[in-house]
Amino acid sequence: MPAQLIDGNALSRRLRVDLAASARGLAARGVTPALAVVLVGEDPASQVYVRNKVKACEDNGLRSVLEKYEATLSEAALLERIAALNGDPMIHGILVQMPLPPHIDPQRVIAAISTAKDVDGYSTLSAGELMTGAAGFRPCTPAGCMALIASTGINLRGKHAVVIGRSNTVGKPMALLLLQAHATVTICHSASVDMARHTRQADVLVAAVGRRGTVTADMVKPGAVVIDVGINRDDAGQLCGDVDFAGVAEVAAFISPVPGGVGPMTITQLLANTLEAAEHAAGAP
Ligand code: NAP
């Protein structure tokens, strides 16, 4: 495999040393940074994600408050809980794990989270801050991808970045962050024609689709940086991304694996955002 591995676990470990030090610094000033994680229903994947987030908080000196509710919880009751968390000075970040049961409107729920505590960066206001380049919480997965890309040492200015996927939570914010880093950005999606024509021009290729085998070696420019956001299962039931890892690793210069790439960095960014929220609550500008 000529490509260098972009090790999200190792980078996360390094970054979390500094985050844990920030948490200790806040605690010494009487502010224990705290994240409320709200889980509605029994979705097995969501339970794993929530468990990992709670553990990462505990391991790094943040307090986490896990609120678990039955899938039958009404939207009104959930909104009431969010209002209470918004008003709780001991809580600095609020994360509502998606997906929510179908009778609850996720947009209404996200909109109910105070912007100062929107550590997932999913609200319309946070999206507007990203769009305009104003300060604010950046969505954790794309921000984590940017850190992975930065770890390769590539200077994005003038580079061609191609993002596959245009969701509000991953694809679109990813493209905006790359644009802010002065890359020339192309976004591909399910209606794109001859996607390989675009991806073959990518100095940086980010795949955020949710379909394994989406990116194969023939679609990748030699020497590219490839970031795999997708989470899928292969025929053997093992976790895999959107990128044919073995094939693409023969062509790319850098490649992030699944698992062990974007996943841990998403949680690291969540910790960073929660600490930033706590810093603001503690009086930082
Ligand atoms: P999503 O909302 O389902 O969006 C998927 C995007 O892929 C859509 O924009 C869709 O296009 C596009 N797409 C679907 N089929 C395509 C095709 N054949 N060719 C090109 N584009 C295609 O998913 P998401 O929330 O963005 O997540 C994407 C993947 O990342 C999932 O596997 C998810 O589990 C994973 N993920 C991982 C993390 C992590 O921490 N590691 C975090 C978030 C998400 P249209 O818009 O045209 O439908």
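Being a predicted model, the structure only gives us computed values, none of them experimental.

Draft legend 1. Quick peek at the nonpolar core. In terms of nonpolar packing, the biggest core is built from 25 residues, with Ile149, Met174, Leu178, Val206, Ile227 and Val229 touching the most fellow members. The contact partners of Ile149, leaving out residues within four places of it in the chain, are Ile154, Leu156, Met174, Leu178, Val204, Val206 and Ile227.

Draft legend 2. Focus on the packing of helix H6 (residues 140–150) against helix H10 (residues 262–281). Running from amino to carboxyl end, H6 crosses H10 at an angle of 110°, the nearest separation of the two axes being 8 Å. By the angle class used here, H6 and H10 are roughly perpendicular. Crossing of H6 against H10: the hand is right-handed. Contacts between H6 and H10 pair Cys140, Thr141, Ala143, Gly144, Cys145, Ala147 and Leu148 from the former with Val262, Met265, Thr266, Gln269, Leu270 and Asn273 from the latter. A class-by-class count of the residues in the contact of H6 with H10 yields eight nonpolar, five polar and no charged.

Draft legend 3. The arrangement of the domain arrangement of the chain in detail. By the assigned domains, the chain splits into domain 1 (30–114) and domain 2 (140–263). Relative to domain 2, the C-alpha centre of domain 1 lies at a distance of 29 Å.

Draft legend 4. Region of interest: H6. Most of H6 sits inside the fold, with nine of its eleven residues counted as buried. Among all positions of H6, only Cys140, Thr141, Pro142, Ala143, Gly144, Cys145, Met146, Leu148 and Ile149 are buried. Elements in contact with the buried residues of H6: helix H1 (8–28), helix H7 (171–180), strand E7 (204–207), strand E8 (225–228) and H10.

Draft legend 5. Just unusual backbone geometry, in detail. Residues Met98 and Pro99 are joined by a peptide bond in cis, for which omega reads 0°. Its location among the elements puts Pro99 in the loop between strand E4 (93–96) and helix H4 (106–112). Note the cis peptide between Val258 and Pro259, where omega equals 0°. Tracing the backbone through its elements, the reader meets Pro259 in the loop between strand E11 (254–255) and H10. Here His182, not a glycine, exhibits a phi torsion of approximately 75°, which is positive. Within the secondary structure, His182 is located in the loop between H7 and strand E6 (184–188). Looking at His182, the relative accessible area reads 44%, which means it is partly exposed. Positive phi, close to 50°, is recorded for Asp194, a residue that is not glycine. Inspection of the secondary structure puts Asp194 in the loop between E6 and helix H8 (195–199).

Draft legend 6. How the structure looks around the sheet that holds E4. One open sheet holds the three strands; their spatial order is E3-E2-E4, and the pairing between them is parallel. Two strands close off the open sheet at either side, each with one partner strand: strand E3 (63–69) and E4. The mean inter-strand angle of the sheet, taken between neighbouring strand axes irrespective of direction, is 15°. One ladder, built from seven bridges, connects strand E2 (residues 34–40) with E3; its direction is parallel. Bridge assignment links Val40 to a residue of E3, and that residue is Tyr69.

Draft legend 7. Representation of the site of the ligand within the structure. Taken together, 20 residues sit near the ligand, with Arg166, Ser167, Ser190, Ile231 and Thr266 positioned nearest. Within the backbone of Ile231, an N or O atom sits 2.9 Å from an oxygen atom of the ligand. Contact with the protein chains covers 67% of the free accessible surface of the ligand, which is 920 Å². At three residues, H10 tops the list of elements feeding residues into the shell around the ligand. Tallied by class, the residues present in the shell around the ligand amount to eight nonpolar, ten polar and two charged.

Draft legend 8. Region of interest: the pattern of salt bridges. Taken as a whole, this structure holds eight salt bridges when the rule is applied. A salt bridge links Glu67 to Arg81; the shortest N-O distance between them is 2.6 Å. Here Glu67 is found in strand E3, whereas its partner Arg81 is found in helix H3 (residues 75–86), with 14 residues between them in sequence. Its relative accessible area of 11% is what places Glu67 among the buried residues. In this structure Arg81 comes out as partly exposed when scored by relative accessible area, which is 28%. We note a salt bridge from Asp203 to Lys221, for which the minimum N-O separation is 2.7 Å. Of the two residues, Asp203 sits in the loop between H8 and E7 while Lys221 sits in the loop between E7 and E8, which places them 18 residues apart along the sequence. What makes Asp203 buried here is its relative accessible area of 18%.

Calculation criteria
Each chain has its residues counted from 1, following the order in which its sequence is written. Thresholds applied to this predicted model are a pLDDT of at least 70 for local features of residues and 80 or more for the giving and counting of side-chain atom pairs; totals over whole chains, interfaces and linings are not thresholded and use all residues. Calculated side-chain values reflect all of the structure's heavy atoms, with hydrogen atoms and water omitted. By nonpolar core is meant a set of buried Ala, Val, Leu, Ile, Met, Phe, Trp, Tyr and Cys residues that side-chain atoms within 4.5 Å join together. Relative accessibility decides the category of a residue: with a 1.4 Å probe and only protein chains considered, values under 20% of the type maximum give buried, values over 50% give exposed, and everything between is partly exposed. For this analysis, residues touch if any pair of their heavy atoms sits within 4.5 Å. Convention adopted: a line fitted to C-alpha atoms gives each axis, helices being fitted over their contacting stretch, and angles between N-to-C directions are expressed from 0 to 180 degrees. Numbering of helices and strands starts at the N terminus; helices are DSSP runs of H or I of at least 4 residues and strands are runs of E of at least 2. Oblique is the label for any angle not covered by the other classes, which are roughly parallel (under 35 degrees), roughly antiparallel (over 145) and roughly perpendicular (65 to 115). Should the near helix be turned anticlockwise from the far one by less than a right angle, the crossing is left-handed, and should it be turned clockwise, the crossing is right-handed. Amino acid classes used here: Ala, Val, Leu, Ile, Met, Phe, Trp, Tyr, Cys and Pro are nonpolar; Asp, Glu, Lys and Arg are charged; the rest, including Gly, are polar. Segment limits for the domains were obtained from an automatic or database-derived domain assignment. Two strands form a pair only when DSSP identifies at least two bridges running between them. Here a residue counts as near a molecule or strand whenever at least one of its heavy atoms sits within 4 Å of it. By the criterion applied in these results, polar contacts are pairs of N or O atoms within 3.5 Å in which, for protein atoms, one can donate a hydrogen and the other can accept it, and in which residues neighboring in sequence qualify only through two side-chain atoms. Here the Shrake-Rupley method, with its probe set to 1.4 Å, supplies the accessible areas, and only the displayed protein chains count as covering residues. A pair is scored as a salt bridge if a Lys or Arg side-chain nitrogen falls within 4 Å of a carboxyl oxygen belonging to Asp or Glu.

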